[in-house]
Amino acid sequence: MISGNAALTGSYDLPQVALSVLIAISASYAALDLAGRVTATRGRAQLTWLIGGSAAMGIGIWAMHYIGMLAFRLPVPVEYDWPTALLSLLVGILCSAFALVVVSRRRMGLTYALIGSAMMGCGIAALHYIAMAAMRLPAECRFDFRLVALSVVLAVVFSFASLWLAFYFRDEPQNSAWRKLGSALVMGVATSAMHYTGMAAATFIPAAPALDQSHAVSISSLGTLGIAAATLQVLGLAVLSSLVDRRFDAQGLELALTETRLELAHVARIATMGELTASIAHEINQPLTAVVNNGNFALRQVASGAPNLEELREAIAEIVNDGTRASAVISRIRALLQKGAPDRVELDINEVIQEVTILVRHEATLSGVSVRLDLAADLPRVLGDRVQLQQVLINLVINGIEAMRTLTDRPRELLVKSAKNADAVLIQVQDSGKGLDPEQVGRIFEPFFTTKPQGIGMGLSISRSIIESHGGRLWTVPGSSGALFQFTLPTDGNSVS
Amino acid sequence: MNERAPIVFVVDDDPSVRRSIKRLIGSVGLQVELFGSAQEFLLSKRPDAPSCLVLDIRLPGISGLDFQHKLAEANIHIPIIFITAHGDIPMTVRAMKAGAVEFLTKPFREQDLLDAIQLALERDRARRQGDAEIAVLRERFESLTPREREVLPWVVSGLLSKQIADAIGTSEASVKVHRSQLMRKMAADSVADLVRMAEKMGIPIPKKP
């Protein structure tokens, strides 16, 4: 038996101290990582992340404290009361859950952070002192209350810092792994500082065991290693699953974005088609007129009893031609109105320009605009989606036509030009209007920016995203007479995304 | 009057529509001439015969409606039948107000077009006849002496020879000579006939003093 009132001298097992710090750092990293998942997910997934995350973090914090305590060697056998130990684990998990809820809130004000960190700090301090209360040893534990107070303050301060850091990382900024690791390092060391301050606050005076020993268990060094290994595994799993989940999320987001973009482009196309109804009616009614006329002519010939077979043959041949022509117009419009994944094919951009010119011809004539084409011969083919490229051209051409409606002092002319440009083709659409307002030039490609009374301001922004998805560029050229829009399309199939 | 074979002019920028109209109109025995633009039509040498114009609203360079206006300004009074693949009410109203014979939406019923063409040719015939009559009258009027031309309006206004003599300061006898001369030269059977001719030629009639 050790004599009377002299305090027991303890010593630290340094490798175990190091292990405890490592676990503290790992738990911190997991906390920062999991905060992001809890914030990014909703509903059941969020609840799962919250429960799983707080369990992992709680185990981490708890293990850190126990390993830190086990690293403290006293000259008497120390056992632990396992129900108390379990209680401290529960406190650790609740504390972690609380922290995750705090950082996943939409906003975090200073007051909120202060209250949160005060509660969290007290929770961690509680975990620590409950853990110490689980110690069963033939000694009496006395506390230096100044050091206890300091350890609680440290716990609160550390919680505050952790909450802010977690709040920062929860939005999962890109390439943040190193900064996250640095923050985890700081947090882990701070947690350890709190723990060892708390340990230092205790002095053990030899005495007969006063507490209930019935549930006490002793933990060997092997046991310590076991706890550490299990804890690190849990934390590692938490971080890994968070990583995997984030990947899937990012992919889903990308997919959703592409889908939205396609949807938007489709809606814009329908809107444009709405503006073009007159043109479309015209393009279909023209061949139909010829069909009806030729049909009537043929009927008359037959009714006459002595039809001129050569004339009859010509009329019927024209009926066939015009029927085909009308159906081609309809399938072109159908393609424009259809929803569908972009379909990249090799195409002749001049052909696309000519098809668009047919669709907008009527619109141009109504506005007194003459459309001139200056198409380079022998252009290399480009890889692209016919419908999307038609959409871009229709947009630019209609914009040009509308810009010239009020023009009275010079001819209203729209020039569509194609040319070869290094390893790309360059398409220009130029009107003879008053040009772009220099103050607006910077904004015209922004979504919802429009200069038209009835415009929704999506045309140019969608056009630009379409051209960019083809690996090209769409921009305006300042200083030209009238507005000049041009875009490139790469001719090298490999550079098309 | 030596009536020439009527002719239908068609201006439409769509060649296949153009050809089909030609076939259809040709099948009822009318002569047809096709043009791809208003400009082509203006530059063509049009025969002196009753005619009408089948005009597409949408034309390259100038709209059919503007072209109608331009023709009127140039004093070319050819009856116009508008055809359009996409017409609206304001367009129709404008065309009809400006004197169009008919406004047909493509694809039109053949009978509608043929009826409109008949009506348009009727109108042109009547107009040409009127024009021809006036031309004859003008010719006769030109053959009058200055004094006879001076007397004519007074005769038309219904004055007696004596009153005319007073009005222009000459003798009743010489007025009577002028009067019978101008009635003969104008080939007027009666004063009423002369009044009708003066109206056609647009000669102002003085008020009785």
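Criteria and thresholds
Throughout this description, residue numbers start from 1 for each chain and increase along the sequence as written. Each chain gets a letter, beginning with A, and each ligand a number, beginning with 1, in the order they are written. Totals for whole chains, interfaces and linings use every residue, but because this is a predicted model, local features are given only for residues with pLDDT of at least 70 and side-chain atom pairs only at 80 or more, for both listing and counting. Hydrogen atoms and water are omitted, and side-chain values are computed over all heavy atoms in the structure. Working definition: helices are DSSP H or I runs of at least four residues, strands are E runs of at least two. Numbering for both runs from the N terminus. Burial status follows relative accessibility: with a 1.4 Å probe on protein chains alone, a residue under 20% of its type maximum counts as buried, one over 50% as exposed, and anything between as partly exposed. Whether two residues touch is decided by their heavy atoms; if any such pair falls within 4.5 Å, the residues are in contact. By definition, a salt bridge exists where a carboxyl oxygen of Asp or Glu is found within 4 Å of a side-chain nitrogen of Lys or Arg. Contacts described as polar in this section are N or O atom pairs within 3.5 Å, which, within protein, must combine one atom able to donate a hydrogen with one able to accept it, while residues neighboring in sequence count only if both atoms come from side chains. Here the quantity called buried area is the total loss of accessible area, with a 1.4 Å probe, experienced by two parts when brought into contact, counted for both. Residue type decides the class: Asp, Glu, Lys and Arg count as charged, Ala, Val, Leu, Ile, Met, Phe, Trp, Tyr, Cys and Pro as nonpolar, and the leftover types, Gly among them, as polar. Nonpolar side chains (Val, Leu, Ile, Met, Phe, Trp, Tyr) are joined into patches within 5 Å and like charges within 9 Å, using only residues with over 30% relative accessible area and no salt bridge. Here, Shrake-Rupley sampling with a 1.4 Å probe gives the accessible areas, and only protein chains in the shown set may cover a residue. His is not counted, nor are the chain ends, whereas Lys and Arg count as positive and Asp and Glu as negative. Every charge is mapped onto a representative atom, which is NZ of Lys, CZ of Arg, CG of Asp or CD of Glu. For two strands to be treated as a pair, DSSP must find no fewer than two bridges joining them.

*Asks:* Looking at this model, I keep getting lost on the overall build of chain A. Mind explaining?
*Replies:* From N to C terminus, chain A includes 13 helices and 14 strands. The proportion of buried residues among the 497 residues of chain A is 46%. Within chain A, residue pairs in contact and separated by at least 24 positions form 82% of the contacts whose partners lie at least 6 positions apart.

*Asks:* It is not clear to me how the pattern of salt bridges should be interpreted in this structure. Could you clarify?
*Replies:* For side chains bearing opposite charge, pairing can occur when the charged atoms are close. Summed over all chains, the structure comprises 31 salt bridges over all chains. Between B:Asp14 and A:Arg325 there is a salt bridge whose closest N-O contact spans 2.3 Å. On the criterion of chain membership, the pair formed by B:Asp14 in the loop between β1 (7–11) and α1 (15–26) and A:Arg325 in helix α9 (residues 309–337) is interchain, its members lying in two chains. Residue B:Asp14 is classed as buried on the basis of its relative accessible area, which comes to 7%. Linked through salt bridges whose partners overlap, the residues forming this network are A:Glu314, A:Glu318, B:Arg19 and B:Arg23.

*Asks:* How should the side chain of A:His128 be read in this particular structure?
*Replies:* All names here are of chain A. As for its placement among the helices and strands, His128 is situated in helix α4 (residues 110–133). A polar atom in the side chain of His128 sits 3.0 Å from the side chain of His65. The residues touching His128, leaving out its near neighbours within four places in the chain, are His65, Met194, His195, Gly198 and Met199.

*Asks:* What am I meant to see in the interface of chain B and chain A here?
*Replies:* Listed by partner, the interface residues are 24 residues for chain B and 25 residues for chain A. For the pair chain B and chain A, the two sides together bury roughly 2,100 Å², of which 51% comes from carbon and sulfur. The largest per-residue losses of area from chain B upon contact with chain A belong to B:Arg23, B:Arg58 and B:His86, which jointly make up 34% of the total buried on that side. Summed over the shared surface of chain B and chain A, the result is five salt bridges. Residue A:Arg300 pairs with B:Glu110 through a salt bridge whose shortest N-O separation is 2.8 Å. Taken together, the connections running from chain B to chain A amount to 10 residue pairs in polar contact (both at pLDDT 80 or more). Secondary-structure elements contributing two or more residues to the side of chain B that touches chain A are α1 and α5 (110–142) of chain B. Its residues assigned to classes, the side of chain B that touches chain A comprises 10 nonpolar, five polar and nine charged.

*Asks:* Even after reading the chapter, I still don't get a positive patch on the surface, so can you show me in this structure?
*Replies:* All names here are of chain A. Among the surface-exposed residues, Arg42, Arg105, Arg106 and Arg107 lie close enough to one another that they form a single positively charged patch. Locating Arg107 in the fold gives a position in the loop between α3 (82–103) and α4. Given a relative accessible area of 68%, Arg107 falls into the exposed group.

*Asks:* What's the story with the pairing of strand β14 (residues 484–490) of chain A in this structure? I'm lost.
*Replies:* A regular strand places its side chains so that they alternate between the two faces of the sheet. All names here are of chain A. Across the seven residues that make up β14, a large majority, seven, are buried. Relative to β14, strand β13 (residues 473–476) runs antiparallel, the two sharing four bridges. The residue of β14 that forms the bridge with Arg473 is Thr488.

*Asks:* Explain the environment of A:Gly295 here, please?
*Replies:* Residue and element names in this part refer to chain A. Topologically, Gly295 is positioned in helix α8 (residues 277–303). In this structure Gly295 comes out as partly exposed when scored by relative accessible area, which is 21%. Taking the C-alpha atoms as reference points, Gly295 and Glu318, 23 residues apart in sequence, are found 9.6 Å from one another.

On their own, these measurements won't tell you what the molecule is for.
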